[in-house]
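# Examination of the molecular architecture
Each chain, written out:
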There are 2 protein chains.
Amino acid sequence: MDKKDENEYITVKKSENFSEWYSQVIIKSGFVDHSEVSGCLVFRPSAYGAWQIVVGAIDKLFREDGIENVYFPLLIPEKFLRKEQEHLEGFSPEVAWVTQTGDTELEERLAIRPTSETIMYASYSKWIRSWRDLPMRYNQWNNVLRWEFKHPTPFIRSREFLWNEGHTVFATEKEAYAEGEVILGIYNKVLLEYLALPGIPGKKTDKEKFAGALESHSIEHIMPDGWAIQGPDWHFDGQNFAKAFDIKFLDKEGKTQYAWQNTFAISTRELGVMVSVHGDDKGLVLPPRVAYIQVVIVPIYKKDNQGKVNEYAESVFKRIRKEFRARMDHRDGYSPGFKFNEWEMKGVPIRIEIGERDMAKDMAVLALRDTGEKKEVKVEDIAKTLAAELDAMHARMLAKAEKFLKDNTHHAGSYEELKRILKEKGGIVGAPWCGSRKCEDKVKDEIGAKITNIPYHQKKEDKKCVVCGEKADSLANFARSY
Amino acid sequence: MDKKDENEYITVKKSENFSEWYSQVIIKSGFVDHSEVSGCLVFRPSAYGAWQIVVGAIDKLFREDGIENVYFPLLIPEKFLRKEQEHLEGFSPEVAWVTQTGDTELEERLAIRPTSETIMYASYSKWIRSWRDLPMRYNQWNNVLRWEFKHPTPFIRSREFLWNEGHTVFATEKEAYAEGEVILGIYNKVLLEYLALPGIPGKKTDKEKFAGALESHSIEHIMPDGWAIQGPDWHFDGQNFAKAFDIKFLDKEGKTQYAWQNTFAISTRELGVMVSVHGDDKGLVLPPRVAYIQVVIVPIYKKDNQGKVNEYAESVFKRIRKEFRARMDHRDGYSPGFKFNEWEMKGVPIRIEIGERDMAKDMAVLALRDTGEKKEVKVEDIAKTLAAELDAMHARMLAKAEKFLKDNTHHAGSYEELKRILKEKGGIVGAPWCGSRKCEDKVKDEIGAKITNIPYHQKKEDKKCVVCGEKADSLANFARSY
């Protein structure tokens, strides 16, 4: 037997070398490719297709809630970035600057947006005059660039990524704050219902909050290597940007007031989390609702029955192709085994195998990507069966991901325990924390873990900070984090 | 009476000063706004919403035809741009260059994509190995930047714009060429069915073709000022880029061949054409299928019946809000006249007026944006009536635009006639042309008109070139063109 081509399988186990597994799986499965510009990915149809479905789902929920889409320029004048000092300091080390157009040097450098607060708020300041103009709940779906100097990891730390950036304006603090729960609820719903990705929602610490915001809130995931990773977030900006950008309105009493603002985002990073959480040693395992190809039909024939089997397989394909994202694999010259392997690596949820014996019984064999199980099913009911199997697979993948999250969420009652769990098990560890930056920094310095967030819905308990022993405000979630 | 606020109406007539009318209408209607970066627009919800609908319609037809979406990086290494000489010369004067990231100078400049052939084809060259990999029909929806130095006009000549760029690869010339008709058919269908914009399809001359292509084909519109404007296009690249980027495949016989390629695009420029063709002296007139708000309800009340009328109007709103993009204008403190004017300027297709007398009869008044006509209709049937009225309005707007196109498409049998028509009437003038660059240049130099395209489906006639008197190959369409 020939040596197998290394491009055709993943050479390491996910449990043994997650980072190498990840690097291989995203490329070999044809999900993405590297480009010549380090940190900038090529999204192939499977990756872009999943993102397009996520965008569609969130966009629909946003609109139903009254959020409106806009599009602002890619390029931001440097002077805008300089308006909010904390924001500038947070982003300027990562900004890609346009300095020339054609052969001409620009008088003022233009930043490729790392995020669009500054250019949007300059317009908001012109547009908003009275309480009647509020709320203004604008969102854009676009590409942003952050030239991070840390080692780029596809999706997880990409220099260019796709996202939504919501930038909303309200007349009152209360309305602005109330929007946050709605937004995180929408993100969470789509993560669960489409990507089968659970997470832990909570509030960021002051240290970890967004540059320029009063509060940041996030949904945090856990990766297979036990490191945490931040998912979508919502930032309560208060009146910080309103003051920097002069976003004022006349209230009902005719008094001028600064507006209250939010910012929120979900990015293509979630595709990296999806690949990581669900994938296995054979490659991608795509959640059925975002899978680019949900069902692939592989006819199994020999020379003497090829025509007959192909024709039958084609008739099955016709039954399902309108209802599902289906593909017929009629490539000649590849063995069924080769094809099975390829579609498994690509993460296609269901493979339908059809041979002459199946034909004779009007049956087909379904192979389920997540469990590897095979099922003989009636061709007559195949569309109904597929719909049910895809839903069941989604539910299984979500349950498995939830179990993983739960199994890797721990509790520590002391500093030693926090240290030991993070060292031995990883994951996210909840521990009482006094709320001080000093204790937060100490954990970072000594254990290498940060506070991912302070989870919502805590029981009020009388606990002591595991770091300093003072009264603990709340349970904070500590983790080594991407 | 107070002087009317100039922001609340268009101060010039479209027929008298089209360019000023256009500048006013896109801003005052809240369709777009200028940004601090010259030539880069802010798309407000009405503009972005129309684009999102166009994208959705085209994307669906593309997918049904087997085209797949991908996403390539925004930034292109300079060396890629240098690979195809003609392409480089065509684009490099307009490229925005990233030279710094954070505080660091880049070793190689990175171009913000003016179009993505070069970065995509570098990947295609890696991905395509055998005839089995073909056709590869990839498309992306993205933003591009072309730093043109001519005076920017919103949508019409914007430095940043949104578009699709299809880049497909075939094994044979025949397959590649055949795709062109399908693509232009899809563009034309969506232009007609959504934007109510007719155009003239045809082939570009060598002079006017895309930098790097063998042939370019376009759909051309006529603007209200009689100038032509190029709409969507398809470029038959032949093997030019395949040779520059080494896109080769093993054919069924095991022979290495260069692939055949196409490129095609439609951009947000169409929104500018839509505004121009359909708008009137009151402002925007949005085609119903892309109108951000299709129906607005304006309750008409006095102090003593305000509650009652509002409640009734709200009940009408509830009947229609699921089926239509509807808005209830319950703003207090503005007169009905003020509101009518505002929604007319914004181009909302149908306004529903409801007062106490209408209520009593269970009737409402529809005001149709395109004709100004008012109709009394039964509230009971209102959803059905609105659907029919919106369809009828679309049909009227399309018929009107088609008549305009026809009325402004002329024929010239001699050079003098060509000159006279272009001078006196403008529009597009078909005239026999020998096919030489010399004659094409002469018309450009002496009359200021170019060949927009050579329309399809010509009768073969024995004519002489209006410029040189030699045998004419075909009828070419001449026009002054944006």
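These lines cover the structure that appears in this document, whether it is placed above or below.

Conventions and cut-offs
- Just so you know, the residues in each chain are numbered from 1, in the order the chain's sequence is written.
- Think of it this way: whatever chain is written first is A, whatever ligand is written first is 1, and the rest follow in order.
- Selection of residues for local features in this predicted model requires a pLDDT of at least 70, selection of side-chain atom pairs for listing and counting requires 80 or more, and totals for whole chains, interfaces and linings are taken over all residues.
- By definition, any uninterrupted DSSP run of H or I lasting at least four residues is a helix, any uninterrupted run of E lasting at least two residues is a strand, and each is numbered from the N terminus.
- It is over C-alpha atoms that the radius of gyration is taken, and the globule rule equals 2.2 Å times the number of residues to the power 0.38.
- Note on burial: count the other C-beta atoms lying within 10 Å of the residue's C-beta; 20 or more is buried, 12 or fewer is exposed, in between is partly exposed, and C-beta positions come from the backbone.
- Any pair of residues counts as being in contact when their C-beta atoms, constructed from backbone geometry, are within 7 Å of one another.
- Pairing between strands is defined by DSSP: at least two bridges between them are needed.
- Only the stretch in contact is used when fitting a helix axis, every axis being a line fitted to C-alpha atoms; angles between N-to-C directions are given from 0 to 180 degrees.
- C-alpha atoms of residues with pLDDT of at least 70 in both copies form the basis for the least-squares superposition of the copies.

## A short note on the overall build of chain A
For chain A, the count of helices and strands is 14 helices and 23 strands. Taking 482 residues into account, the globule formula puts the C-alpha radius of gyration at 23 Å, and chain A, at 25 Å, falls close to it. C-alpha extents for chain A along the principal axes are approximately 85 × 55 × 45 Å. Counting all 482 residues of chain A, 49% fall into the buried class. Taking all contacts inside chain A whose residues are at least 6 apart in sequence as the whole, residues at least 24 apart take part in 69%.

## Focus: the sheet that holds strand β17 (residues 350–354) of chain A
Residue and element names in this part refer to chain A. Taken in spatial order, the five strands of this open sheet run β16-β15-β17-β18-β19, and their pairing is mixed. Two strands close off the open sheet at either side, each with one partner strand: β16 (326–328) and β19 (374–378). In this sheet, adjacent strand axes meet at a mean angle of 25° when their direction is disregarded. Pairing between strand β15 (residues 295–299) and β17: five bridges, direction parallel. Considered in β17, the bridge of valine 296 is made with arginine 351. Packing against the sheet, helix α9 (residues 306–320) makes contact with β15, β16, β17 and β18 (363–368), and its axis sits at approximately 165° to β15.

## Notes on the relation of the copies chain B and chain A
Under the fitted operation, chain B is carried onto chain A by 0.0 Å of movement along the axis and a turn of 180°, and the coordinates agree to an RMSD of 0.0 Å. This pairing of chains is accounted for by a two-fold axis. Closest to the rotation axis within chain B is the C-alpha of B:Val98, separated from it by 2.1 Å. Both copies present the same face, since 100% of the interface residues in chain B are matched by interface residues at the equivalent positions in chain A.

## Looking at helix α8 (residues 269–278) of chain B
Of all ten residues making up α8(B), ten are buried, and the element is well covered by its neighbours. Of the positions making up α8(B), those classed as buried are B:Arg269, B:Glu270, B:Leu271, B:Gly272, B:Val273, B:Met274, B:Val275, B:Ser276, B:Val277 and B:His278.

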